[in-house]
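# Inside the fold
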Amino acid sequence: MAAAPSLCDSLFIPEGYDLTCTIEGEPYDGTGAIKAVVEPADSTFGELSSLTLRELERKGVDATAWTAPEDWVRSQLAVDIGGVAEALEDLADNPDNPLGGPELTGAVQAAISVLQDWSRLALRGCDEVVERDDRIRLRCEWSAASLALYVQVLLIEAGKERYAVNIRTMNPRRLQHLEAIANSFEP
């Protein structure tokens, strides 16, 4: 894992952007949850914009960043319903359930199918995954009337390491700022 201060040091934030980079998490707490957070310094709407950068772990939930990077990028916007689906299936298969039987099994399978569709709902606002050089990017936009939410997930391959950059903002100008900072990342 990279040293914590180097995450902020590896990003270039131009003067005039009024953004700061801070480190969140503990470097040696065993969770791998350390990340650099770039956000507005003092802004009324500052909480609406952020860029996070973290080094990924080769094991656990991040393992697919090495084996199936495009799937990993998409999975960052999908809701994991595995536990709910398993609990529903256990309910239907339980021989002591007085409501069990083929009717419940069919209803549970239908509910799981609906939940799976809902879990991928956010991806409907996204472009296709784009791979360029050492970066895989997924851009998303959800809008209603004159408001829009822009989200990007970026997977950066650096030798044997992988880094995740997440961008979230509701302002197209701030989106350009955060994209420029993400593009400046040099591990």
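See above for the structure.
Residues numbered from 1 in each chain as written. Predicted model: local features only at pLDDT ≥ 70, side-chain atom pairs only at ≥ 80, totals over all residues. Heavy atoms only, no water.

A complete count under the given rule lists 2 disulfides for this structure. The residue that forms a disulfide with Cys-8 is Cys-21, at a sulfur-sulfur distance of 2.1 Å. What sets the handedness of the Cys-8 and Cys-21 disulfide is the S-S torsion sign, and at about -85° it is left-handed. In this pair, Cys-8 is assigned in helix α1 (residues 4-9) and Cys-21 in strand β1 (residues 19-24), connecting sequence segments 13 residues apart. Two residues share a disulfide in this structure: Cys-126 and Cys-140, whose sulfurs sit 2.0 Å from each other. Its torsion about the S-S bond being 95°, the disulfide of Cys-126 and Cys-140 is classed as right-handed. Residue Cys-126 is found in the loop between α5 (102-119) and β4 (130-132), and its partner Cys-140 is found in strand β5 (residues 135-144); the two are separated by 14 residues along the sequence. You can call Cys-126 buried: its relative accessible area is 16%. (Disulfide = S-S within 2.5 Å. Helix = DSSP H or I, 4+ residues; strand = E, 2+ residues; numbered from the N terminus. Buried < 20%, exposed > 50% of the residue type's maximum accessible area, 1.4 Å probe, protein only.)

The terminal C-alpha atoms of helix α6 (residues 172-183) lie 16 Å apart, and with 12 residues this matches the ideal 16 Å at 1.5 Å per residue to within 8%. Within the span of α6, buried status applies to Arg-174, Leu-175, His-177, Leu-178, Glu-179, Ile-181 and Ala-182. Those residues of α6 that are buried lie in contact with β1, β2 (35-40), β3 (50-55), β5, β6 (147-158) and β7 (161-169). N-cap assignment for α6: the residue whose side-chain oxygen lies 2.8 Å from the backbone N of Arg-173 is Asn-171. (Expected span 1.5 Å × (residues − 1). Contact = heavy atoms within 4.5 Å. Polar contact = N/O pair within 3.5 Å; in protein donor to acceptor, adjacent residues only side chain to side chain.)

All right, on to the nonpolar core then. In terms of nonpolar packing, the biggest core is built from 21 residues, with Leu-11, Val-38, Leu-51, Leu-53, Val-165, Ile-167 and Ile-181 touching the most fellow members. Among the elements of the structure, α1, β2, β3, β6, β7 and α6 are those that each provide at least two residues to this core. In this structure, Leu-53 is in contact with Leu-7, Ser-10, Leu-11, Lys-35, Ala-36, Tyr-163, Ala-164, Val-165 and Phe-185, ignoring residues within four places of it in sequence. Counting residues in each nonpolar core, the second largest holds 15 residues, with Trp-66, Cys-126, Val-129 and Leu-155 among its members. (Core = buried A, V, L, I, M, F, W, Y, C linked by side-chain atoms within 4.5 Å.)

So, about the sheet that holds β3. Strand pairing in a sheet takes place through backbone hydrogen bonds and is either antiparallel or parallel in direction. Strand order across the open sheet formed by 7 strands is β1-β2-β3-β7-β6-β5-β4, with antiparallel pairing between neighbours. Of all strands in the sheet, those with a lone pairing partner are β1 and β4, marking the two edges. The average undirected angle you get between the axes of adjacent strands in this sheet is 15°. Sheet topology note: the β6/β7 ladder contains 9 bridges and is antiparallel. Looking at β7, one finds that Glu-157 is bridged to Arg-162. Where α6 meets the sheet, it contacts β1, β2, β3, β5, β6 and β7, and its direction lies at approximately 170° from that of β7. (Pairing = 2+ DSSP bridges. Axes fitted to C-alpha atoms, helices over the stretch in contact; angles between N-to-C directions.)

Geometric descriptors of this kind do not, in isolation, establish any biological role.
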